[in-house]
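Residues per chain, in single letters:
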Amino acid sequence: MKINVEIDEEIKAIEVLIRNHEWNEEVQELMERLKERKRPYFVGRKGEMQHVFRAEEIICLFTEQDSIMVRTKQGVFEMKERLYELERDLPGNQFVRLSKSVIANLDELSRFEASFNGTLCVYFRSGEKEYVSRHYVQGIKKAFQWKRKGL
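Rules used in this analysis
Residues numbered from 1 in each chain as written. Predicted model: local features only at pLDDT ≥ 70, side-chain atom pairs only at ≥ 80, totals over all residues. Heavy atoms only, no water. Pairing = 2+ DSSP bridges. Helix = DSSP H or I, 4+ residues; strand = E, 2+ residues; numbered from the N terminus. Axes fitted to C-alpha atoms, helices over the stretch in contact; angles between N-to-C directions. Patch = residues over 30% accessible without salt bridge, like charges linked within 9 Å, V, L, I, M, F, W, Y side chains within 5 Å. Areas by Shrake-Rupley, 256 points an atom, 1.4 Å probe, with all protein chains shown as cover. Salt bridge = Lys/Arg side-chain N within 4 Å of Asp/Glu carboxyl O. Buried < 20%, exposed > 50% of the residue type's maximum accessible area, 1.4 Å probe, protein only. Disulfide = S-S within 2.5 Å. Phe/Tyr/Trp six-rings, centres within 6.5 Å; stacked < 30°, edge-to-face > 60°.

In the annotation of an unreviewed UniProt entry, the protein is listed under the name Response regulator, LytTR family and assigned to Peribacillus simplex.

Draft legend 1. Seen up close, the sheet that holds strand β10 (residues 129–132). Here three strands make up an open sheet; going across it, the order is β8-β9-β10 and the pairing antiparallel. The open sheet has two edge strands with one neighbour each: β8 (109–114) and β10. For this sheet, the mean inter-axis angle between neighbouring strands, taken without regard to orientation, is 25°. Looking at chain direction, strand β9 (residues 120–124) and β10 are connected through four bridges and run antiparallel. Its bridge partner lying in β10, V122 is registered against E130.

Draft legend 2. Broad picture of a nonpolar patch on the surface. Where nonpolar side chains cluster on the molecular surface, the patch consists of M1, I3, V5 and I7 and spans about 540 Å² of accessible area. Structurally, M1 is set in the segment before α1 (25–35).

Draft legend 3. Structural view of the pairing of strand β6 (residues 95–99). Counting buried residues along β6, five of its five residues qualify, which places the element largely inside the surrounding structure. Here four bridges tie β6 to strand β7 (residues 102–105), and the two strands are oriented antiparallel to one another. Opposite V96, over in β7, you have A104 as the bridge partner. Following β6, the chain reverses through two residues before pairing antiparallel with β7.

Draft legend 4. Expanded view of the state of the cysteines. Scanning the entire structure with this criterion turns up zero disulfides. Free cysteine: C60, not disulfide-bonded; nearest cysteine sulfur from C121 at 13 Å.

Draft legend 5. Here's a closer look at the packing of aromatic side chains. Applying the stated criterion across every chain, the model contains two aromatic pairs. A centroid spacing of 6.5 Å and a plane angle of 15° characterise the contact between F42 and F53, whose relative ring orientation is stacked. In this pair, F42 is assigned in strand β1 (residues 42–46) and F53 in strand β2 (residues 49–53), connecting sequence segments 11 residues apart. For F42, a relative accessible area of 1% gives the class buried. Considering the side-chain rings of F53 and F77, the 6.0 Å spacing of their centres and the 20° angle between planes classify their relative orientation as stacked. Linking F53 in strand β2 with F77 in strand β5 (residues 75–79), this pair joins segments that are 24 residues apart in sequence. With respect to class, F53 is no different from F77; both count as buried. In textbook terms, an aromatic cluster arises when at least three aromatic residues are bridged by ring pairs, as seen for F42, F53 and F77.

Shown next, in the form of C-alpha cells:
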C-alpha cells in the first residue's frame, strides 16, 4: 500500500482519494475505517463516583448480569451505554469483539490458546482471560492483519 499526504493551503477540508485497480475487500475496509467516529472520553461509574477515561485506557468491556462493565488499569466501572453503542464509538482498529458479551482492546492482549472445540482463549496482559466464540475468531484474525499493516 502506498500512502501520500499533500498539504495545500487552498484546500478548505480534508479530501481522501483511494486508488486501486478494482473495488475489493481491502478498499471496502479502508472506507469503513475512514468513516469511523472516535469518541475522546468515556465515563464509568463506581458507587457514587464518576470516572473519566480515554479509549486507550480500556482493557475490555463486558456484560455482568444486566450491566455493561469496563475494565481499566484503574479498576472496573459500570457504563450506562449498551455494548453495541460503545463498540460503535470505539476505534475499530484498536478494539475487537470476542463474543456477544465482550469487547477487547487489541493492545492489551498478550496471547491466544486454541481449544479442542474450535474456540480461542485470549489472555490479557493483566492476567485475566476470556473465551472467544467461534463466530468471532475470523474478526480477530482480520483485526490483527490490519494492526500489522498499521491502519
